[in-house]
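# Understanding the architecture of this molecule
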Amino acid sequence: MKERVLILGAGYAGAVIANTLAREFRRKIAKGELEITVLDKNDMGVNQGGFTFLPFGLYTPEDLVRPRKESLSPRIKSRFGDQGEVTGIDLNRQQVTVKSGKNYSYDHLVIAMGARSDASGVPGLEDDLNTFYTSMDDALEVGELIRNFKGGRIVVSVSRMPIPCPGAPVKFSFLLESYLRDIRNIRDDVQLTLLWPMEPIGPPEFNKLVTGRLEEKGIEAIRQFQLGKVDASNKMVESTDGRQENYDLLITVPPHKPQKAVLDSGLTDEKGWIDADKTTLQYRGPLGDKDNVYIVGDNGPADILKTGIGAHYQAQVVSHNLINTINGNNIKSKYKGETGCPIITDMASDAHTGRAYIATWSYKNPPQSFDTTQLGWYLYRMYYYLHWDMSIKALM
Ligand SMILES: Cc1cc2nc3c(=O)[nH]c(=O)nc-3n(C[C@H](O)[C@H](O)[C@H](O)COP(=O)(O)OP(=O)(O)OC[C@H]3O[C@@H](n4cnc5c(N)ncnc54)[C@H](O)[C@@H]3O)c2cc1C
C-alpha cells in the first residue's frame, strides 16, 4: 500500500518539509511506495518577510514572489486554487476537504497554513487601515503614504500579540526613522511613536538593545498599549484600558488568527491557535493526541514564537521525524524552540551605514548581549535573495 504524506500550505514551513521529504524519499516515490501531496490556495509563493522593506524601495515585488511550481520538487504532487484550498480538516477520519469538493486521505498530516490578519478584531480599524503586514499592495501603499507625508505624528501600532515576526514592526520603525531623517530630511517635523502591546520588546537583551536605540533616535515607545479602538474621524486611537493617543498617520499591525478552515474544523484551543507538543510538534488540541499530525509554523501554539526562522527549524525537526517514522526506526529529534528575530537599527544611505543583527535564541537559551553591525545589514539584505533558491528548497 502506498504511504501518503499530506501537507497543508506550501508557504515557508510546508515547502521546506515537502522538498526535504521529496529528496530523501526519491526512490520510494519513483517506485510508487510513497506519495507527497501539497495543497495551497494559490500558486504563487510570497516571501512576506520582505513586506517590511517594500515601503522603502529596498526590494521590489518581483524579489518577493515565485511561482510555487518553481520552488517545489517535481516529485511532489501539488494542487493549487480551488483544488488546493483547504476547507475542512477531519482528524478523526484522517481526511481533508478542498474547495472543489475533493477529499484527501492521509497517513501523515502536516498543517502549515500560517496566520491571517483580522482588522475586524479592533473596532474602527478598518476605517483607517494602513499596514505593511498583509500584502505587497498594502505595503506599497504605506510606501506612498510615507513618501507624501508632510509632517506631524506618525503612530506605528502593534494591536496585540501573537503576530508573525513580532520584531518586524520594530525594525520598520527604525527604517522609517532613518528614511525620514536621511532620505526625506523631514525628521525634525515628525513625531514618531511606537505603540507596543506588552512591556518588554522581546527577550531581555533584545529589549535592552531596542530600548536604547529607540531613545537615542527619539522614537517614543508607549508600552502595554493593546489597541482597543480607532476613531478615524478624530484621528485617535484608544488602548483597551482607555488611554488615548492622537495621530496624523496611523500604521497598524492588525490582530492575527489561524485560517478559517482551521477554526471551522475545531482544531484550535482556548488561546485561539492549534496546540501541539512544544518539542515534537505533534497535535495536542481539543480533538485529542494525534501523533501522525504535525503542527508547524505560524498556525502553531500561541506560546511558540511565530517567525520564519522558527518555522524553518520546526520544518527540519518534523522532516527528520517523518523520515524516521516512515523508515520504521524510532529515532526522534526535538524542537528546542530555536528561533530568531532580525533587527535593523539603521538603513543604509549616503549619510549612514546600514546596521542590523540577526538575534537567535531557543526555549532555554535567550539571546546574549549584541549590537547591530554593518555586516549584519549586508547579511540580512542578502538573505532575501537566498530565500527562494536555498531556504525554501531546503538546502540550508
Ligand atoms: C511583515 C512581516 C515581516 C516578517 N519578517 C520576518 C523576518 O524578518 N524574519 C522571520 O524569521 N520571519 C518574518 N516574518 C514571519 C514569517 O514570514 C512567517 O513566520 C513564516 O512565513 C511562517 O511560515 P508558515 O509556513 O507557517 O506560514 P506561511 O509562510 O504564511 O505559509 C502558509 C501557507 O498556507 C497557505 N494557505 C492559507 N490558507 C490556506 C487554505 N485554506 N488552504 C490551503 N492553503 C492555505 C498560504 O497560501 C501559504 O502559502 C514576517 C512576517 C510578516 C507578515
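Being a predicted model, the structure only gives us computed values, none of them experimental.

How each quantity is defined
- Residues numbered from 1 in each chain as written.
- Predicted model: local features only at pLDDT ≥ 70, side-chain atom pairs only at ≥ 80, totals over all residues.
- Heavy atoms only, no water.
- UniProt positions renumbered as here; feature names shortened; annotations may be inferred.
- Helix = DSSP H or I, 4+ residues; strand = E, 2+ residues; numbered from the N terminus.
- Buried < 20%, exposed > 50% of the residue type's maximum accessible area, 1.4 Å probe, protein only.
- Polar contact = N/O pair within 3.5 Å; in protein donor to acceptor, adjacent residues only side chain to side chain.
- Contact = heavy atoms within 4.5 Å.
- Pairing = 2+ DSSP bridges.
- Axes fitted to C-alpha atoms, helices over the stretch in contact; angles between N-to-C directions.
- Near = heavy atom within 4 Å.
- Nonpolar A, V, L, I, M, F, W, Y, C, P; charged D, E, K, R; others polar.
- Domains from an automatic or database assignment.

## Points about the UniProt feature "domain: FAD/NAD(P)-binding" (unreviewed entry) in the protein chain
Look at the UniProt record and you will see "domain: FAD/NAD(P)-binding" (unreviewed entry) annotated at residues 4-139. When the span residues 4-139 is considered, its composition is 22% helix and 29% strand, and the gap between its end C-alpha atoms is 39 Å.

## Quick word on the side chain of Asp-128
In this fold, Asp-128 is placed in the loop between strand S10 (115-117) and helix H5 (136-148). When its relative accessible area of 14% is taken as the criterion, Asp-128 is described as buried. In this structure the side chain of Asp-128 is engaged in a polar contact, spanning 2.7 Å, whose partner is the side chain of Tyr-247. Among residues more than four places away in sequence, those in contact with Asp-128 are Val-230, Ala-232, Lys-235, Tyr-247 and Leu-250.

## Section: the sheet that holds strand S7 (residues 95-98)
What the 3 strands build is an open sheet, ordered S6-S7-S8; its pairing is antiparallel. Looking at the sheet topology across the chains shown, the edges are occupied by strand S6 (86-90) and strand S8 (103-105). Ignoring strand direction, the axes of neighbouring strands in this sheet form an average angle of 20°.

## Things to note about the site of the ligand
What surrounds the ligand is a group of 35 residues, the closest being Asp-40, Val-86, Lys-171, Asp-298 and Tyr-380. Here an oxygen atom of the ligand sits 3.1 Å away from a polar atom, N or O, in the main chain of Tyr-12. Contact distances for the ligand include 3.5 Å between an oxygen atom and a backbone N or O atom of Thr-307. Breaking the shell around the ligand down by element, the ones donating at least two residues are helix H1 (12-24), helix H6 (168-183), helix H9 (308-327) and helix H10 (374-391). Sort the elements by how many residues they give to the shell around the ligand and H9 lands first, with 3 residues. Its residues assigned to classes, the shell around the ligand shows 16 nonpolar, 12 polar and 7 charged. Two domains each donate at least three residues to the shell around the ligand, and these are domain 1 (3-114 + 259-327) and domain 2 (119-256).

## With respect to the sheet that holds strand S5 (residues 77-79)
Whether parallel or antiparallel, the strands of a sheet pair through hydrogen bonds between backbone atoms. Reading across the sheet, the 6 strands line up as S5-S2-S1-S9-S20-S19 and stay open at both edges, with mixed pairing between neighbours. Each of the sheet's edge strands pairs with one partner strand only, and the pair in question is S5 and strand S19 (282-283). Note: strand S2 (residues 34-39) against S5, 3 bridges, orientation parallel. The residue bridging Leu-39 from the neighbouring strand is Arg-79, located in S5.

## What about the environment of Pro-200?
Turning to its location among the elements, Pro-200 is positioned in the loop between strand S12 (190-195) and helix H7 (204-216). Between the alpha carbons of Pro-200 and Arg-223 there is a distance of 7.9 Å; along the sequence they are 23 residues apart. Contact partners of Pro-200, with chain neighbours within four places excluded, come to Asn-207 and Arg-223.

## Thoughts on the environment of Lys-306
Mapping Lys-306 onto the fold places it in the loop between strand S20 (290-295) and H9. Given a relative accessible area of 2%, Lys-306 falls into the buried group. Placed 63 residues apart in sequence, Lys-306 and Ser-369 show a C-alpha to C-alpha distance of 22 Å. Excluding its chain neighbours within four sequence positions, the residues that come into contact with Lys-306 are Pro-162, Ile-163, Pro-164, Cys-165, Pro-166, Trp-273, Asp-298, Asn-299, Gly-300 and Pro-301. A polar contact is formed between the side chain of Lys-306 and the backbone oxygen of Asp-298, at a distance of 2.9 Å.

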